[in-house]
Amino acid sequence: MERKSLDQRAQMTDLERLRHSAAHVMATAILRLWPDAQFAAGPPVDDGFYYDVDLKHRITPEDFPAIEAEMKKETKANNIFEKIVVTREQAIKDAESGRLGGLSERPGNPSKFKLGNLEKIPAGEEITYFKNGDFIDLCAGPHVMRTGNVGAFKLTNVASAYYLGDEKNPQLQRIYGTAFKNKTQMDEYFAMLEEAKKRDHRKLGAEMGLYVMDTEYVGPGLPLWLPKGTVIVEELEKLAKETEFAAGYVRVKTPHLAKEKMYKTSGHLPYYAESMFPPMELIEGDEEKRQRELDDEYARLGKEHGEILGLGQKERAARLSEIADRLKAIGEEMGRLGERYYLKAMNCPHHHRIFAAEPRSYRDLPLRLAEYGCCYRYEQSGELFGLMRVRSLNMNDAHIYCTPEQFAAEFNAVNEMYLKYFKIFGFEKYQMRFSTSAPEGLGKKYVDEPALWKQTEDMVRDVLVSSGINYVEVANEAAFYGPKIDVQVWSAIGREFTIATNQVDFAVPKRFGLVYKDRDNTEKTPLCIHRAPLGTHERFIGFLIEHYAGNFPLWLAPEQVRVLTLGEEEPLLNYAKDVVNQLRAQQVRAEGDYGNDPIKAKIANAEKAKVHTMLVIGGRDMEAGNVSVRLHGKGNVGAKPKAEMIADILAAIRERRA
RNA sequence: GCCGGCAUAGCUCAAUCGGUAGAGCAUCUGAUUUGUAAUCAGAAGGUUGUCGGUUCAAGUCCGACUGUCGGCUCCA
């Protein structure tokens, strides 16, 4: 984790100070129970705080009451958070004696993480301790005045975390808690959390019968869309197809797999092989062994090639062409041995090949190829998360090939498409994040094209500024092939996700040798915009479930209308069935509940299923040519002539009313 | 992938110290004929995630695996 700057610290809110102080109080408590505990970092986070601790005893939630009791003693004591300025020499001495992050000196148990933290404090910056009671911690603050200011707290969770967030470092125990000024606020927070849990798409998705994960027969992270979920999938596709058609896109369809050569050309192999499903091999016997040898050599040379390019070593150009020749020869030999097919992890290479399928003129650009393409990514098992992070994903994908002159207008049009969608769905809490490169990453993390980076980043920034979109700029987060804009949203339980993305690519079309013939009769490489405003069905619908808490607007609702009858007389049933048939004839998803349950039970069932519109039909409705309308969550809204109600429903669906 | 928790009927959950696996909802059958959130009765539903171990005896204790949950790492 990055160290907070002094500026950032000065800007900490009162609640953050309080929670940071709560972390010190917790450390104090843990030390009273386990004096040899070593602490690393203990910052405030969005909904509380944590402290990373290295301790032989494995802390479990069963230990929480004891820790909380000690914390209570510390807040009752109402000790002052005393700031102490020390010299670096003194701090190192105290860390070595085990005094830092301790209640006393601990011979033979130096404050190893605090020593590490000390090293990260730049020379010249003031080194400070904060002391409450016997507990002294290396800390830049700020804190509340006294431990008693931490009015209400609760430990919530224990997890593990790598020291400094690096996989290679030892794992520490991360104890999470939350703290508030008083108990009332804390109670409100936990009540809100309970509400949020009810919105969790995994819970609602199962209850509403939208999707299942058949981990036994299909596999983890491979959702099966049930009929009701498929309705939402198809409504979203309809929206995308209409919107994209109007915006001048053309649709394509591509297979779910491709030969190895595709991903060697795109640059995804061998470097990203581990996030792809292993290949299907159409190779036999001895040839397989030879294939492995060639693989190894290919990987080795590929790496060397990348290094030479990255370092910009012009003097090694001869070696480069040697490598290129050898790579070509390997490719040819592999072709003779047999083939390997990979499931696609992205659609761009297939689209690039469609671009390459015909000679292109500047007159053909911009060419906007759209596809709801199904991709497969072998996400790490620990990363799978309901619909939000899966291994098979249907992307609202499109690639726009354009000239540099066309770029600004195209990029802007894509952004406007985002905003149009977000308005339809009523998204309010989202963040547009503009990710740029960093000079030190050129040739390593990013393709080594400083001029193109500057050019495209300026173009994107200009579009953002001139269109007045609210965004934040993050350096050193770009894709390896160009700058991008991600749209971040937060799930019901507060996890952050990229819901949509808009990326510039000035590198991969070149690798595929894509060109168009320009006005001046020269061949030029097009710019490519990758965009997915509706992200993937999986993540987008996962998010929509939580956004609407399962109460979808009429146009998206899996079951739009349910007709509930009062009584079983033949004429009444005919009248009710006629309403359902008229609606279905107009493509409205209407069902009938003609059974003999009491109306209260039928209503309870329909409400529980979150049916958008319920039409109650009894004898008096039939006689008047009416239907009695009840809206999910809103209750009875009264009787209406049948024809009028049907017209209303059709209009609301057509307009995709919220 | 790493650390830890969890896994009982379709769902939500019980089952005392290791001693014959139960309930509500949903499902099915029958009765009930109803005006805005649940009519009554009966039936059916299980190799307690899988495999192995300890024991006279395992849902319960131990181990491995799989899945899942919470984090970490990762996310072109």
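The rules behind each value
- Residues numbered from 1 in each chain as written.
- Chains lettered and ligands numbered in written order.
- Predicted model: local features only at pLDDT ≥ 70, side-chain atom pairs only at ≥ 80, totals over all residues.
- Heavy atoms only, no water.
- Pairing = 2+ DSSP bridges.
- Helix = DSSP H or I, 4+ residues; strand = E, 2+ residues; numbered from the N terminus.
- Axes fitted to C-alpha atoms, helices over the stretch in contact; angles between N-to-C directions.
- Core = buried A, V, L, I, M, F, W, Y, C linked by side-chain atoms within 4.5 Å.
- Buried < 20%, exposed > 50% of the residue type's maximum accessible area, 1.4 Å probe, protein only.
- Contact = heavy atoms within 4.5 Å.
- Parallel < 35°, antiparallel > 145°, perpendicular 65-115°, else oblique.
- Left-handed = near helix turned anticlockwise from the far one by under 90°.
- Nonpolar A, V, L, I, M, F, W, Y, C, P; charged D, E, K, R; others polar.
- Near = heavy atom within 4 Å.
- Polar contact = N/O pair within 3.5 Å; in protein donor to acceptor, adjacent residues only side chain to side chain.
- Arc of directions from axis to C-beta.
- Salt bridge = Lys/Arg side-chain N within 4 Å of Asp/Glu carboxyl O.

A. Expanded view of the sheet that holds strand β24 (residues 561-565). Overall, mixed pairing links the 5 strands, which are arranged β25-β24-β26-β27-β28 in an open sheet. Two strands close off the open sheet at either side, each with one partner strand: β25 (590-593) and β28 (635-641). When strand polarity is set aside, the average angle formed by the axes of neighbouring strands in this sheet is 25 degrees. In this sheet, strand β26 (residues 613-617) lies alongside β24 in parallel orientation, the contact comprising 5 bridges.

B. The arrangement of the nonpolar core in detail. Of all hydrophobic cores here, the largest spans 83 residues; its most connected members are Leu236, Phe407, Phe425, Leu544, Phe552 and Leu556. Here this core takes 8 residues from helix α13 (residues 404-425), the largest share from any one element. Leaving out residues up to four positions away in the same chain, Leu236 has contacts with Tyr372, Phe425, Leu534, His537, Phe540, Ile541, Leu544, Trp555 and Leu556. Counting 30 residues, the second-largest nonpolar core is a separate cluster that includes Leu55, Phe64, Met71 and Leu155.

C. How the structure looks around the packing of helix α8 (residues 227-246) against α13. With their axes 12 Å apart at the nearest point, α8 and α13 run at an angle of 140 degrees to one another. By the angle between their directions, the pair α8 and α13 is classed as oblique. Where α8 crosses over α13, the handedness of that crossing is right-handed. Taken together, the residues of α13 that come into contact with α8 (itself represented by Leu236, Leu239, Ala240, Thr243 and Glu244) are Met417, Lys420, Tyr421, Ile424 and Phe425. Looking at the contact of α8 with α13 residue by residue, the classes come out as 7 nonpolar, 1 polar and 2 charged.

D. Just the protein's contact with RNA strand B, in detail. Among the 49 residues in the neighbourhood of RNA strand B, the closest are listed as Asn157, Gln171, Ser381, Glu383 and Asn596. Take Arg630: an N or O atom from its side chain is 3.0 Å from a sugar or linking oxygen of RNA strand B. Among the secondary structure elements, those contributing two or more residues to the surface near RNA strand B are β7 (152-162), β8 (171-180), α18 (599-608), α19 (619-624) and β27 (626-631). Take the surface near RNA strand B: its biggest share by element is 7 residues, from α18. Tallied by class, the residues present in the surface near RNA strand B amount to 18 nonpolar, 15 polar and 16 charged.

E. Expanded view of α18. Restricting attention to buried positions, one finds in α18 the residues Lys602, Ile603, Ala606 and Glu607. Taken down its axis, α18 places every buried residue within 130 degrees of arc, on the same side. In α18, those exposed residues whose orientation departs by more than 90 degrees from the buried face are Lys600 and Lys608. Structurally, α18 contributes buried residues whose contacts are with β24, β25, β26 and β27.

F. Examining the pattern of salt bridges more closely. Counted under the stated rule, the structure contains 42 salt bridges. Here Lys112 ties to Asp54 by a salt bridge, and the two come within 3.0 Å at their closest N and O atoms. Here Lys112 is found in helix α5 (residues 112-120), whereas its partner Asp54 is found in strand β3 (residues 48-54), with 58 residues between them in sequence. Assessed through its relative accessible area of 26%, Asp54 is described here as partly exposed. Residue Glu244 is joined to Arg531 by a salt bridge in which the shortest nitrogen-to-oxygen separation is 3.0 Å. Residue Glu244 is found in helix α8, and its partner Arg531 is found in strand β23 (residues 527-532); the two are separated by 287 residues along the sequence. The buried category is assigned to Glu244, whose relative accessible area is 0%. Connected through shared salt-bridge partners, Arg32, Glu70, Lys73 and Glu74 make up one network.

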